[in-house]
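Structural overview
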Amino acid sequence: MRLPLQWKILAGYLVVAVMSLGIAGWLVLDVFESRDKALLRAGLTAQARLVGELFTGPLDRLAPDMQQIDSLADRLGESIQARITVIAPDGKVLGDSYESGDSLRSMENHLSRPEVRDALLRGAGSSVRLSDMLNVALPVRSPASGTPLGVVRLSLPLTQIEEQYHALRKSLILALAVAFLLSVGLSYLLARNITRPLARMVEAAKQMVGGEFTQRIPTGSNDELSDLARAFNQMASSIEDKIETLKQDRAKMAATLIAMQEGVMVLTVDGTLRLTNPAMERMLGRHGTELTGKSYWEVVRQPKLNEFISQALSGAGQTTEISLGTGPGRTFQVYASSLAESHDHSAGLVLVFHDMTELRRLEQVRKDFVANVSHELRTPITAIKGYVEALRDDPKVDLQQRQRFLEIIETHTDRLNVIITDLLLLSKIESGQIPLQQHPVELVPLLDRTLGLFSHQIHRKQHKIVLNADSALPPVLGDEERLGQVFSNLLDNAIKYTPDQGAITITLGEKDGSIDVHIDDTGIGIPPSDLPRIFERFYRVDKARSRELGGTGLGLAIVKHLVEAHGGTVTAESREKGTRFTVKLPVSPN
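Given the structure is predicted, the values throughout are model-derived calculations rather than measurements. (Residues numbered from 1 in each chain as written. Predicted model: local features only at pLDDT ≥ 70, side-chain atom pairs only at ≥ 80, totals over all residues. Heavy atoms only, no water.)

Once that is clear, we can look at the pairing of strand S1 (residues 83-87). Remember that side chains alternate between the two faces of the sheet whenever the strand is regular. The buried fraction of S1 is high, at five of five residues. With burial as the criterion, each face of S1 is covered, one bearing Arg83, Thr85 and Ile87 and the other bearing Ile84 and Val86. For S1 and strand S5 (residues 148-157), the ladder comprises five bridges, and the chain directions are antiparallel. Within the sheet, the bridge partner assigned to Ile87 lies in S5 and is Val151. Where S1 and strand S2 (residues 93-96) come together, three bridges link them in antiparallel fashion. Counterpart to Thr85 in the pairing with S2 is Asp96. Here S1 hands over to S2 after five residues, with Gly91 in that stretch at a positive phi of 95°. (Buried < 20%, exposed > 50% of the residue type's maximum accessible area, 1.4 Å probe, protein only. Helix = DSSP H or I, 4+ residues; strand = E, 2+ residues; numbered from the N terminus. Pairing = 2+ DSSP bridges.)

Structure representation (structure tokens):
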């Protein structure tokens, strides 16, 4: 339950008042009670000393007479209105003003009683037992030798003192009750005068919490509360300005982090992850809520990166290149920058991950392309140059030999022309220089016409061709000539690399708004390790056999770019026997 400040102040005043009065009253009572007990103890000690003198004679015998001692104890106890107990040095009770006869003889040994023990050891002893008896014990010594003859103990009940102080306590409680009632009234008035201005401040503060910083607290008086109100108003103005600045800065930073393609990771000085941007979350494949608060080595288990971060946190290391993921993985350039909290103190570390995978791949593709182009062009050029030199060096070559040389030169010249033509076509496709005349295209008739172009090769190799298509297959949206080129290249490869009497199956079907065209052959197949690269320029699985069959190494690259220009995809997969190429093309909306 929430207790208002006014009642807290009121309760505080009352607690202080009650505790002050109560403690003062208790101390006074305690002092008086202690004084009275001390006086009573001193009186008992004096009486015990006189009683001890009276018992010196009866005790200073070889065999003290218990009946005489007990009788004397009874008479003295009645005279001084106190209990007198006479105890032998071995602790045996010889006489007691409260006990006699058998009950006296059956009393337990008193040597273990603290007041008796202290009297024998220190010359005097006292104790309070059962909260109502004050005991004072003194030794009785022999006048001749000074040896202890026994102990005389006087006991007096404290009930009279307790009754007096019980009455005093009642009076004190009554006084406290009256003081409490007076304090309630005075404390209430004082608390209300203090909390009324504070209540106005609380109301203004609530409006500020809701974002209303224009509210100001009135400052009418000239006391500490007025100073507090002025400081509060100044604080509100300052907070309003700072919050607005922070909002702008935060919005700029959030927009920057979201728009960045680079991954950003912010670490504290102990290596705990504080912040990641969406790009970093995509790189790690996890959400920010799963990452925040974890150590960097729990998030990224990459020894080189962990070593680099450890060095960067200690002030060394600025950039490194790492690979993440299994297999080929992805390559990142990592930059580290310290979060400076002060001139010589770091608040953490900012890591920026720049994905270099595509750049490294393109660099490798460029190297391979240059090497492949050089190789592809050098072979026919070398052959042409060789035969031209042969004809020039021997003008008397017979006509038949000359004719054969010229045919070889023509063959390599045609090959050069095909390579250059395909390169130019591929370049134009990639740069978008070849416009597509898109209209609805029926794929089954297109495939029939394309198969007709290869009827001679199919008949020669005795291939079995199977064309399966769903009934009422919708047309696709595309350029019929370019689509014909796509299927021509795929079928040409299937025919070339399928051995004699093999089978080529073409299956068409509609799925999720696309037409899937599967071309399966029973050829030599493609190793799984080569599948990711078969659509690259000049990439061949079997380079020697490909050249023998007249391939340039550009056919599948042209297929890929033409299909993508139509908004589709082309994939290849190695099957148990042969290869499957799948072309997905969007259905025509008309």
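Turning to the nonpolar core, a few remarks are in order. Ranked by size, the top nonpolar core spans 41 residues in total, and within it Leu443, Phe487 and Val517 carry the most contacts. Taken together, the elements giving at least two residues each to this core come down to helix H13 (399-431), helix H14 (443-453), helix H16 (480-497), strand S14 (503-511), strand S15 (514-521), helix H18 (555-565), strand S16 (569-574) and strand S17 (579-586). With seven residues, H16 is the largest single contributor of residues to this core. Those residues in contact with Phe487 that lie beyond four places of it in its chain are Leu443, Leu446, Leu447, Thr450, Val517, Ile519, Val583 and Leu585. If you look at the next biggest cluster of nonpolar residues, it comprises 23 residues, including Ala73, Ala88, Leu149 and Leu154. (Core = buried A, V, L, I, M, F, W, Y, C linked by side-chain atoms within 4.5 Å. Contact = heavy atoms within 4.5 Å.)

As a further point, take the packing of aromatic side chains. Counting across every chain of the model gives two aromatic pairs. Ring geometry for Phe535 versus Phe581: centroids 6.3 Å apart, planes at 90°, classification edge-to-face. Placement of Phe535 in the loop between S15 and helix H17 (543-548) and of Phe581 in strand S17 is noted, with a sequence separation of 46 residues between them. Residue Phe535 shares its accessibility class with Phe581, and that shared class is buried. (Phe/Tyr/Trp six-rings, centres within 6.5 Å; stacked < 30°, edge-to-face > 60°.)

Another point: the environment of Leu446. Structurally, Leu446 is set in helix H14. Judged by its relative accessible area of 4%, Leu446 is buried. Separated by 38 residues in sequence, Leu446 and Gly484 have C-alpha atoms that sit 6.7 Å apart. Leave out the neighbours within four places in its chain, and Leu446 touches Val441, Glu480, Leu483, Gly484 and Phe487.

In spatial order, the strands read S2-S1-S5-S4-S3; together these five strands make up an open sheet with antiparallel pairing. Each having just a single partner strand, S2 and strand S3 (125-129) make up the two edges of the open sheet. Taking each pair of neighbouring strands and ignoring which way they run, the sheet shows an average axis angle of 20°. Set on the sheet, helix H3 (residues 66-80) makes contact with S1, S2 and S5; between it and S2 the angle comes to about 35°. (Axes fitted to C-alpha atoms, helices over the stretch in contact; angles between N-to-C directions.)

One pass over the structure, following the stated rule, counts twelve salt bridges. In this structure, Arg83 engages Asp96 in a salt bridge whose closest nitrogen and oxygen atoms are separated by 3.1 Å. With Arg83 in strand S1 and Asp96 in strand S2, the pair connects residues that are 13 residues apart, well separated along the chain. The same class applies to Arg83 as to Asp96, namely buried. (Salt bridge = Lys/Arg side-chain N within 4 Å of Asp/Glu carboxyl O.)

Look at H16 against H18: their axes get within 9 Å of each other, and the N-to-C directions meet at 145°. Considering how the two elements wind past one another, H16 and H18 form a crossing that is left-handed. Contact residues: H16 offers Arg482, Gln485, Val486, Asn489, Leu490 and Asn493, while H18 offers Gly555, Leu556, Ile558, Val559, Leu562 and Val563. Residue composition of the contact of H16 with H18, grouped by class: seven nonpolar, four polar and one charged. (Left-handed = near helix turned anticlockwise from the far one by under 90°. Nonpolar A, V, L, I, M, F, W, Y, C, P; charged D, E, K, R; others polar.)

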